[in-house]
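Understanding the architecture of this molecule
As a plain string of letters, each chain reads:
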Amino acid sequence: RMIDASIWKSQNFGTLQPMTRLLLIGLITTADDQGRAMAHPSVLRGELFTFDDDIKSADVQLWLQELHSVQKNY
């Protein structure tokens, strides 16, 4: 998957917490060809943050909620 370099200049992207930005990039790079991905916090925690024992599913849930609150598509 390609992430356009302009994402780094997006005001909406820039207002997200750093870990929410990382989650978004992980979602983009792991989605299927139709842009679908399993959005369950426990699944995402296991797939995207495999080696980060300090990250909990509850953290991922908060980051997903933050993404949901942003109205612009990236």
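As for the overall build of the chain
Summing up its helical and strand segments, the chain has 4 helices and 0 strands in all. Element order for the chain, N to C, with α for helix and β for strand: α-α-α-α. Against the compact-globule benchmark of 11 Å for 74 residues, the chain has a radius of gyration of 12 Å, which places it among compact chains. If one aligns the C-alpha atoms of the chain with their principal axes, the spans along those axes are about 30 × 25 × 20 Å. In the chain, which comprises 74 residues, the share counted as buried stands at 30%. Long-range pairs, those at least 24 residues apart, make up 53% of the contacts in the chain between residues at least 6 apart in sequence. For the chain, the computed accessible surface area is about 5,300 Å², with 54% contributed by carbon and sulfur atoms. Measuring between centres, the 7 positive side-chain charges of the chain sit 6 Å from its 9 negative side-chain charges.

What about the side chain of Glu 66?
Residue position: Glu 66 is located in helix α4 (residues 57-69). Although Glu 66 is buried, it forms no salt bridge, and the closest oppositely charged side chain is Arg 21 at an N-O distance of 7.5 Å. Side-chain polar atoms of Glu 66 contact the side chain of Gln 17, separated by 3.0 Å. Apart from residues no more than four positions distant in its own chain, Glu 66 is found in contact with Thr 15, Leu 16, Gln 17 and Thr 20.

Details of the side chain of Ser 10
Tracing the backbone shows Ser 10 in the segment before α1 (11-15). Here the side chain of Ser 10 touches Asn 12 through a polar contact of 3.4 Å, landing on its backbone nitrogen.

Some points on the packing of aromatic side chains
We describe a pair of aromatic rings using the distance from one ring centre to the other and the angle between the two ring planes. Taken as a whole and judged by the stated rule, the model has 2 aromatic pairs. Its end group placed over the ring of Phe 13, Arg 21 keeps NZ or CZ at 5.9 Å from the ring centre.

Considering the packing of helix α2 (residues 18-30) against α4
In contact at an axis separation of 9 Å, α2 and α4 are set at 80 degrees when each is read in the N-to-C sense. Our classification of the angle between α2 and α4 gives roughly perpendicular. Contacts between α2 and α4 involve Met 19, Thr 20, Leu 23, Leu 24 and Leu 27 from the first element and Val 60, Trp 63, Leu 64, Glu 66 and Leu 67 from the second.

Procedures and definitions
- Numbers given to residues run from 1 along each chain, matching the order in which its sequence is written.
- The predicted origin of the model limits local features to residues at a pLDDT of at least 70 and limits the giving and counting of side-chain atom pairs to 80 or more, whereas totals for whole chains, interfaces and linings rest on all residues.
- Heavy atoms throughout the structure, all of them, feed into the side-chain values; hydrogens and water do not.
- Strands are runs of DSSP state E lasting at least 2 residues, helices are runs of H or I lasting at least 4, and numbering of each runs from the N terminus.
- Only the C-alpha atoms count toward the radius of gyration. The rule for a globule is 2.2 Å times the residue count to the power 0.38.
- Here the term buried applies to any residue with accessible area under 20% of the maximum for its type, exposed to any over 50%, and partly exposed to those in between, with areas from a 1.4 Å probe on protein chains only.
- Only heavy atoms matter for contacts: two residues are in contact if any of them lie within 4.5 Å across the pair.
- Each accessible area value is a Shrake-Rupley result obtained with a 1.4 Å probe; residue values ignore everything except the protein chains displayed when judging cover.
- Two residue types count as positive, namely Lys and Arg, and two as negative, namely Asp and Glu; His and chain ends fall outside the count.
- One atom stands in for each charge, and that atom is NZ of Lys, CZ of Arg, CG of Asp or CD of Glu.
- By definition, a salt bridge exists where a carboxyl oxygen of Asp or Glu is found within 4 Å of a side-chain nitrogen of Lys or Arg.
- A 3.5 Å cut-off defines polar contacts: any pair of N or O atoms within that distance qualifies, except that in protein one atom must be a possible hydrogen donor and the other a possible acceptor, and neighbouring residues in sequence count only when both atoms are side-chain atoms.
- For Phe, Tyr and Trp, rings pair up if their centres lie within 6.5 Å, where Trp contributes its six-membered ring, and each pair is then called stacked (planes under 30 degrees apart), edge-to-face (over 60) or tilted (otherwise).
- We call a charge positioned over a ring when the NZ of a Lys or the CZ of an Arg lies within 6 Å of the ring centre and within 35 degrees of the ring normal.
- Every angle, taken between N-to-C directions, lies between 0 and 180 degrees, and every axis is a line fitted to C-alpha atoms, over only the stretch in contact when it is a helix.
- Working rule for angles: under 35 degrees goes down as roughly parallel, over 145 as roughly antiparallel, 65 to 115 as roughly perpendicular, anything else as oblique.

These figures capture arrangement, not role.
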